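Coordinates in review
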Amino acid sequence: MKLYVFQFLLLLTNCKGQTSKTMEYQYTNDLINETSPYLLQHAHNPVNWYAWNSETLQRAKSENKLLLISVGYAACHWCHVMEHESFEDSSVAQVMNKHFINVKVDREERPDIDQVYMNAVQLMTGRGGWPMNVIALPDGRPFWGGTYFRKDQWVNALNQISKLYEETPEKIYEYADKLEQGIKNMDLVHLNTDPPDFELKFIDQTIKKWSSQFDFKDGGMSRAPKFMMPNNYHFLLRYAYQNNDKTLQDFVNFTLTKMAYGGVFDQIGGGFSRYSVDTKWHVPHFEKMLYDNGQLVSLYSDAYLITKNDLYKDIVTQTIEYIKRDMTTENGAFYSSLDADSNNNEGKLEEGAFYVWQKEELKSHLKEDYLLFSDYYNINNYGLWEHDSYVLIRKDSDDVILNKYELSKELLSEKKEKWNGILLTIRNKRPKPRLDDKTLTSWNAIMLKGYIDAYRVFGNKDYLISAEKNANFILHNQLREDGGLYHNYKNGKGSINGYLEDYASTIEAFISLYENTIDDKWLITARNLTNYTFDHFFDIRSHMFFFTSNEDDALVSRSIEYRDNVIPASNSIMAKNLFKLAHYFDNEHYRKAALTMLNNVKPEIEDYASGYSKWLDLMLDYTNPFYEIAVVGIDALSKISEINKSYLPNKLIAGSITDKNFPLIENRYVPNETLIYVCVDNMCQLPVAHIEDAIKLLKP
């Protein structure tokens, strides 16, 4: 079949994204009944938006209308742009309302829907992004789509599509059939029946190939925009350390330093933006996402453990302070994101308006400190963004500044604290970016793990208190009586059946919490959640896990998420969980499942390492000795804290102050003593009482 109509329409697609809201409510649509901040932003559009649900889908079928599915999220700048240009325009709305059932989807609430239709858009256009706009048959099968459209492009395309559906619907159905098959083939994983063979040589070759993409001038990968990709650098950090690869160690530390110096890090308020639009981490895409900051706290904590670099400690401290100040609820849950846009001095929404500074403004507030400040944060051509605005960005280390200005370390620290206090107070008087105040279980678990990792490394009890408070929030609010998890929490209740990402991230966080508290309930809950995923998510053909539960309504395709991205894939997190839980519970089923999952993805790893860094991290556990450390006795917690002062990525920790029947603990309690057992696959060295002796038994 000739698809010239679709090829023409696809040429219209453009890859960008979002803007703001009308203030007067001349119109109100069905989204007014939703809780998602993103959906509520569209509740007063003239477009007759509906939420995705069975009633909406039935309406499309009964009226025989095409579905217009528009997917975005609250912090997305280009989503706001398209809303302002098209969805707030009554003439555009008239076209949409006449020919389509219009459905708005929050991709963060419904990652399952987003995943299916993003796969379709990538198949059709070769690229993706948000907002994502798809036209589908009344049964939900897509046949046309793209990302951001200018108003004239959008109306043009909609008119052509509606005409085509009216005059020659058979062409659309034929194309939809082919596209459906393509979508179903995209995330297929085949069971690898070859014997598992994980060798360090394979990882060496993979990293050598990957390194051709490294940017040794500015850090990160040689491309723009630049995403932080913390799971990539966490793996590379570990590999470099365990294999004494100084070149790679230097590259990772250089990258972490450049990210910390860049405008992508909020130098005044702490926390990271989603990515930088340039190659030098200078100008951020100003939205702040919880999942980035949780992972980066974990990454910088481990990097500090290896290097003892005070910069890394500062980054962790400031990021956690930002999370505590701006992103945490009274019950210990975490919000999702802060918008990129806020009102400027003229009352118009503008990307980054909350964060950027004018030179004269800084001079008036900082007075005699301005010259030093302007040198430290580059209020010059290096730091210039646009419209005479500056993004605070560092170029030199503190040592360079200390020598240049003959300052003591203590004095510079005092000045920085003073600057931050002044500017944060001024900045907080500006109109703030919109907060997406929904709580997502998966993202909360990522931030929870960040807090635990920061506690493990720095020993700050406040971090542990926050971690336990959040873990108890998940336990008491998101865990259902049937053993499953809710994905979303808003207005005092959980909703939306959990996805694999919710289970994988929560299990991972609870295992980490157990390792740092030796409170059995976290490990037992992690095991129970794991068993639930086998019951409701496991694919008996591929031996991987589906993204959606078998209790969820069927979509066009039931996908398996296994490629790592800005967040590791739910399957790669799950495989690592199974590997560790197999050791904790001496469970052969878990052990075999983890091994099979890693073996399934191995054929793809070498050609696209950045998409498999969590898998590569697991592979290191098979290629290096993996240590089980059991600490039993009254001083178990203090000794575990001491062990954690060493960077030991190839280990798990079990502990108890009494005798218990856990496999790694049973029959190892000796009254009035605290003993440390170092084992590999349950083969143990003689127990020791002193930390130094235990560390000698552990090799990087």
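Residues numbered from 1 in each chain as written. Predicted model: local features only at pLDDT ≥ 70, side-chain atom pairs only at ≥ 80, totals over all residues. Heavy atoms only, no water.

A few points about empty space enclosed by the protein
Threshold: Cavities and pockets are found on a 1 Å grid laid over the protein atoms alone: a cavity is a set of points where a 1.4 Å probe fits but cannot escape, a pocket is an open set with protein on both sides within 12 Å along at least five of seven lines, and a lining residue has an atom within 4 Å of such a point. Grid points are joined across faces, edges and corners, and a volume is the space filled by probe spheres set on the points. By definition, any uninterrupted DSSP run of H or I lasting at least four residues is a helix, any uninterrupted run of E lasting at least two residues is a strand, and each is numbered from the N terminus. Note on residue categories: nonpolar means Ala, Val, Leu, Ile, Met, Phe, Trp, Tyr, Cys or Pro, charged means Asp, Glu, Lys or Arg, and polar means any other residue, Gly included.
The full count for this structure, using the stated rule, is three cavities of 30 Å³ or more. Taken as a whole, the largest cavity spans an internal volume of roughly 800 Å³. Going through the elements one at a time, helix 10 (230-242), helix 12 (290-307), helix 18 (441-458), helix 20 (500-517), helix 22 (570-585), helix 24 (613-623) and strand 20 (651-656) are the ones with two or more residues in the lining of the largest cavity. Looking at side-chain class alone, the lining of the largest cavity contains 14 nonpolar, 13 polar and twelve charged residues. Size it by volume and the second largest cavity reaches roughly 140 Å³. Lining of the second largest cavity is provided by 18 residues; of these, Gly263, Phe265, Asp266, Gln267 and Tyr355 occupy positions nearest its centre. A class-by-class count of the residues in the lining of the second largest cavity yields eleven nonpolar, four polar and three charged.

Considering the pairing of strand 20
To be explicit about the condition: Each residue is placed in one exposure class: buried if its accessible area under a 1.4 Å probe, protein chains only, is under 20% of its type's maximum, exposed if it is over 50%, and partly exposed if it falls in between. By definition, two strands form a pair when at least two bridges between them are found by DSSP.
Burial analysis of strand 20 places six of its six residues in the buried class, the great majority of the element. Along strand 20, one buried face is formed by Lys651, Ile653 and Gly655 and the opposite face, lined by Leu652, Ala654 and Ser656, is buried too. Across six bridges, the pairing between strand 19 (residues 627-632) and strand 20 is parallel. Among the inter-strand pairings, Glu628 is bridged to a residue of strand 20, identified as Leu652.

Digging into the sheet that holds strand 20
Backbone-to-backbone hydrogen bonds join strands into a sheet, with any given pair of strands oriented parallel or antiparallel. Read from one edge of the open sheet, four strands run 20-19-21-22, paired in mixed fashion. Both edges of this open sheet fall to strand 20 and strand 22 (683-684), since each of them pairs with a single strand only. The pairing of strand 19 with strand 21 (residues 675-680) spans five bridges and is antiparallel. Among the inter-strand pairings, Ala630 is bridged to a residue of strand 21, identified as Tyr677.

A short note on the nonpolar core
The cut-off we apply is this: Only buried Ala, Val, Leu, Ile, Met, Phe, Trp, Tyr and Cys residues count toward a nonpolar core, and they belong to the same one when joined by side-chain atoms within 4.5 Å. Throughout, a contact is declared for two residues whenever any of their heavy atoms are within 4.5 Å.
Within the largest apolar cluster, 208 residues are counted, with the highest numbers of intra-cluster contacts made by Phe143, Trp154, Tyr300 and Trp615. Residue contributions to this core peak at ten residues, all from helix 18. When residues no more than four places from it in sequence are discounted, the contact partners of Tyr300 are Leu256, Met259, Ala260, Phe272, Tyr312, Ile315 and Val316. Membership of the second largest hydrophobic core comes to 20 residues, among which are Ile268, Phe373, Tyr376 and Leu402.

What about the packing of helix 12 against helix 18?
What counts is decided by this rule: In this analysis an axis means a line fitted to C-alpha atoms, helices contributing only their contacting stretch, and an angle means the value between N-to-C directions, from 0 to 180 degrees. Oblique is the label for any angle not under 35 degrees, not over 145, and not in the 65 to 115 range, which are roughly parallel, roughly antiparallel and roughly perpendicular in turn. Each crossing gets its handedness from the near helix: less than a right angle anticlockwise from the far helix is left-handed, clockwise is right-handed.
Contact geometry for helix 12 and helix 18: axes closest at 8 Å, N-to-C directions at 20°. Judged by the inter-axis angle, helix 12 sits roughly parallel to helix 18. Helix 18 is crossed by helix 12, and the crossing has left-handed handedness. Where helix 12 approaches helix 18, its residues Leu290, Tyr291, Asn293, Gly294, Gln295, Val297, Ser298, Ser301, Asp302, Tyr304 and Leu305 are matched on the opposing element by Trp443, Asn444, Ile446, Met447, Lys449, Gly450, Asp453, Ala454, Arg456, Val457 and Phe458. Along the lines of polarity and charge, the residues of the contact of helix 12 with helix 18 split into eleven nonpolar, seven polar and four charged.

Thoughts on the layout of surface pockets
Taken as a whole, the second largest pocket holds about 900 Å³ of empty space. Every residue lining the second largest pocket is counted, 29 residues in all, and those nearest its centre are Asp310, Asp314, Gln318, Asp398 and Lys416. For the lining of the second largest pocket, the leading source of residues is helix 13 (residues 310-326), giving eight residues. Classifying every residue of the lining of the second largest pocket by side-chain character gives ten nonpolar, nine polar and ten charged.

As for the pattern of salt bridges
Condition: Basic side-chain nitrogens of Lys or Arg form a salt bridge, by our definition, when they fall within 4 Å of a carboxyl oxygen of Asp or Glu.
One pass over the full model with this rule turns up 47 salt bridges. As a salt-bridge pair, Glu180 and Arg141 come within 3.4 Å of each other at their nearest N and O atoms. Residue Glu180 is found in helix 8 (residues 169-186), and its partner Arg141 is found in the loop between strand 4 (132-136) and strand 5 (142-146); the two are separated by 39 residues along the sequence. Here Glu180 matches Arg141 in class, with each residue buried. Salt-bridge contacts for Arg541 lead to Asp539; the nearest nitrogen and oxygen are separated by 3.6 Å.

Remarks on helix 21 (residues 520-536)
How we decide: To estimate the expected span of a helix, count its residues, drop one, and scale the result by 1.5 Å.
Between the first and last C-alpha of helix 21 there are 25 Å, a value that for 17 residues agrees with the 24 Å anticipated at 1.5 Å per step. What helix 21 keeps buried is the set Asp520, Trp522, Leu523, Thr525, Ala526, Leu529, Thr530, Tyr532, Thr533, Phe534 and His536.

Side note on the state of the cysteines
As a reminder of what qualifies: Two cysteine sulfur atoms make up a disulfide if the distance between them is within 2.5 Å.
According to the stated counting rule, one finds two disulfides in the structure shown. At a sulfur-sulfur separation of 2.0 Å, the disulfide partner of Cys679 is Cys684. One disulfide, between Cys679 and Cys684, carries an S-S torsion of 100° and so falls in the right-handed class. Residue classification places Cys679 among the buried residues on the basis of a relative accessible area of 1%. Cysteine pairing in the protein chain follows 1-2, 3-4, where each cysteine in a disulfide is numbered by its order in the sequence.

Re the side chain of Ser374
For Ser374, the location among the structural elements is in helix 15 (residues 370-376). Once you skip the residues sitting within four places of it in the chain, Ser374 turns out to touch Ile379 and Asn380.

Notes on the environment of Val316
Its place among the elements puts Val316 in helix 13. Distance from Val316 to Trp210, taken between C-alpha atoms, is 28 Å for residues 106 residues apart in sequence.

In short, shape yes, function no, at least from these values alone.
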